[in-house]
Amino acid sequence: MTKYLYLEGAGGISGDMTVAALLDLGADRGRLDAVLESLKLEGFDYHIERKSSYSISGCDFDVHLHHEAHHHEEAYHEHHHHEHRHLADVYAIIDRGVMTDRAKALAKKIFLIVAEAEGKAHGCPVEEVHFHEVGALDSIVDIIAAAVLFDDLQIDEVIVNGLSEGRGFVECQHGRLPVPVPAVLNIAEKYGVMLRPTNNDGEMVTPTGIAIAAAIRTTEKIPAAYKILKTGIGLGKRDFGHANFLRAMIIEDGAADGQMYVVETNIDDSTPEELGLAMDKLFAAGAADVHFEPCFMKKNRPAYMLRAIVAADKLAAAEDVIFRNTSTIGLRKYPVERTCMVREILSVELPYGKVSVKKCRLGDIVRYNPEYESVKALSEACGKTFREVFDEARRTAGNSGL
């Protein structure tokens, strides 16, 4: 069964909402406290508590900047390009934190996404970006916290299929900007994150929020059927006149258990040896069946169609095998349904040894199929032909009443 983290973006997304939702999902609060302590950053504290937004209960993650720290930030903006400014400075803060390599890499990836978007918006290289959104302590805390908590959940597949965004204008450091703000649009454009317009006045998607979503998203496709294993509610701070929250769900693909896929590709420039090896590797990767069909391709070239039948949870592995072990540059896949007889393996005693027989049943249809390798081994051991052993095994199994 494939497990996903599903970030349902109906209420938009921000850094603090994401952190709160991940905490509500059960990510380790103690680990977060330890990491933030290890950063050795002064001038802030944070609170995690249960609150509600228009009667909807959830987790609230709130970073408070001390007045001196806030003044310190603004002073640096006026006179310096130093700490909390450039991407290299933020990376140095991440590097001194005590966290996993995976969490560090993700935090840097998120910051890079934001820095690239802000750099594009303001027409300056990433290395020279020194602005409030990335430099501020609260953004540093939000992004590192999100990376640490996501890493703690140990889920690799993430669904982000759209984020609801408001309208109008917001006041920020750069003056009055239209919603979505330029950095959000730049991230949505570069990473293909869909935005859904709403009638809410104000910013529902922040640069930090969409950067986190872009950094961890692996797909935008929701399974046709899924089980919800756990839900986390992260509350937002803005008042839109209705409940404001981000839902993060750990879901399990309900279709994966029985859903099968056919994967096909036409190949005219792989050797027979390569194709044979590809079949072996597909079976090793869990394919239910693999076969080749002769076909003719462009310019009347004789070729083979490789067709594999694989379960949904083996699909990615099968595709990887095909691309790595054949010359193809593309393949087709489509879901199929199958009807299978119920199967069980019987051990049948013959006068000269035991043989394995597969009993297949569907309704009142019953058949017995001796297993090839078992028949072959007994045939070689006792000196009888393959067909003699096969027929006697089938007859014995059928007469046994098993």
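The model shown is predicted, which means the values in this text are computed figures rather than measured ones. (Residues numbered from 1 in each chain as written. Predicted model: local features only at pLDDT ≥ 70, side-chain atom pairs only at ≥ 80, totals over all residues. Heavy atoms only, no water.)

Q: Can you explain the nonpolar core? Please cite residues and give values.
A: Among the nonpolar cores identified, the biggest contains 72 residues, and Leu5, Phe61, Met99, Ile144, Ile210 and Ile216 are the most heavily contacted of them. The leading source of residues in this core is helix H7 (residues 137-153), at twelve residues. Contacts of phenylalanine 61, omitting those with residues within four sequence positions, involve Asp16, Val19, Ala20, Leu23, Leu32, Tyr46, His47, Ile48, Val141, Asp142, Ala145 and Lys237. Of all hydrophobic cores here, the second largest spans 15 residues; its members include Ala308, Val310, Leu315 and Ala318. (Core = buried A, V, L, I, M, F, W, Y, C linked by side-chain atoms within 4.5 Å. Buried < 20%, exposed > 50% of the residue type's maximum accessible area, 1.4 Å probe, protein only. Helix = DSSP H or I, 4+ residues; strand = E, 2+ residues; numbered from the N terminus. Contact = heavy atoms within 4.5 Å.)

Q: Tell me about the pairing of strand E17 (residues 365-370), and please be specific about residues and values.
A: Relative to E17, strand E16 (residues 353-362) runs antiparallel, the two being bridged by six bridges. By the bridge assignment for E17, cysteine 360 is matched with arginine 367. Here E16 hands over to E17 after two residues, with glycine 363 in that stretch at a positive phi of 65°. (Pairing = 2+ DSSP bridges.)

Q: Break down the sheet that holds strand E14 (residues 332-336) for me, with residues and values.
A: A sheet is described by the order of its strands in space; here four strands give the open sequence E12-E13-E11-E14, paired in antiparallel fashion. Of all the strands in the sheet, the pair left with one neighbour each is strand E12 (289-297) and E14. Direction aside, neighbouring strands of the sheet carry axes that sit 25° apart on average. Here strand E11 (residues 260-267) runs beside strand E13 (residues 301-311); their pairing, made up of eight bridges, is antiparallel. Paired with tyrosine 261 across the strands is valine 310, a residue of E13. Packed onto the sheet, helix H10 (residues 272-284) meets E11, E12 and E13 and runs at close to 145° relative to E12. (Axes fitted to C-alpha atoms, helices over the stretch in contact; angles between N-to-C directions.)

Q: Summarise the pattern of salt bridges; cite the residues concerned and give the values.
A: Tallied over the entire structure, the rule returns 26 salt bridges. One salt bridge connects aspartate 16 with lysine 237, and the closest N-O pair in it is separated by 2.6 Å. Of the two residues, aspartate 16 is situated in helix H1 (residues 15-25) and lysine 237 in the loop between strand E9 (226-235) and strand E10 (245-253); the sequence distance between them amounts to 221 residues. What makes lysine 237 partly exposed here is its relative accessible area of 43%. Among the salt bridges present, the one from aspartate 313 reaches lysine 314, with a minimum N-O distance of 3.9 Å. (Salt bridge = Lys/Arg side-chain N within 4 Å of Asp/Glu carboxyl O.)

Q: Please provide a residue-by-residue account of the sheet that holds E16, values included.
A: Reading across from one edge, E15-E16-E17 is the order of the three strands in this open sheet, with antiparallel pairing throughout. Of all the strands in the sheet, the pair left with one neighbour each is strand E15 (342-350) and E17. The sheet shows a mean angle of 30° between the axes of neighbouring strands, direction not considered. Packed onto the sheet, helix H12 (residues 372-382) meets E15, E16 and E17 and runs at close to 155° relative to E16. Of the strands in this sheet, E15, E16 and E17 touch helix H13 (residues 386-399), which is tilted by about 110° from E15.

Q: So what's going on with the layout of surface pockets? Residues and values would help.
A: Empty space within the largest pocket amounts to approximately 840 Å³. Contributing elements (two or more residues each) for the lining of the largest pocket: H1, strand E3 (56-65), helix H5 (101-122), helix H6 (132-135), H7, strand E6 (169-172), helix H8 (182-191) and helix H9 (207-216). Approximately 640 Å³ is the volume attributed to the second largest pocket. Tyr4, Asp253, Tyr261, Ala312 and Leu315 are the residues nearest the centre of the second largest pocket, which is lined by 22 residues in total. Looking at the lining of the second largest pocket, the elements with two or more residues in it are helix H11 (315-325) and E14. Among the elements that line the lining of the second largest pocket, the one with the most residues is H11, at four residues. The residue makeup of the lining of the second largest pocket, split by class, is twelve nonpolar, four polar and six charged. (1 Å grid on protein atoms, 1.4 Å probe; cavity = no way out; pocket = protein on both sides within 12 Å on 5 of 7 lines; lining within 4 Å. Points joined across faces, edges and corners; volume = space filled by probe spheres on them. Nonpolar A, V, L, I, M, F, W, Y, C, P; charged D, E, K, R; others polar.)

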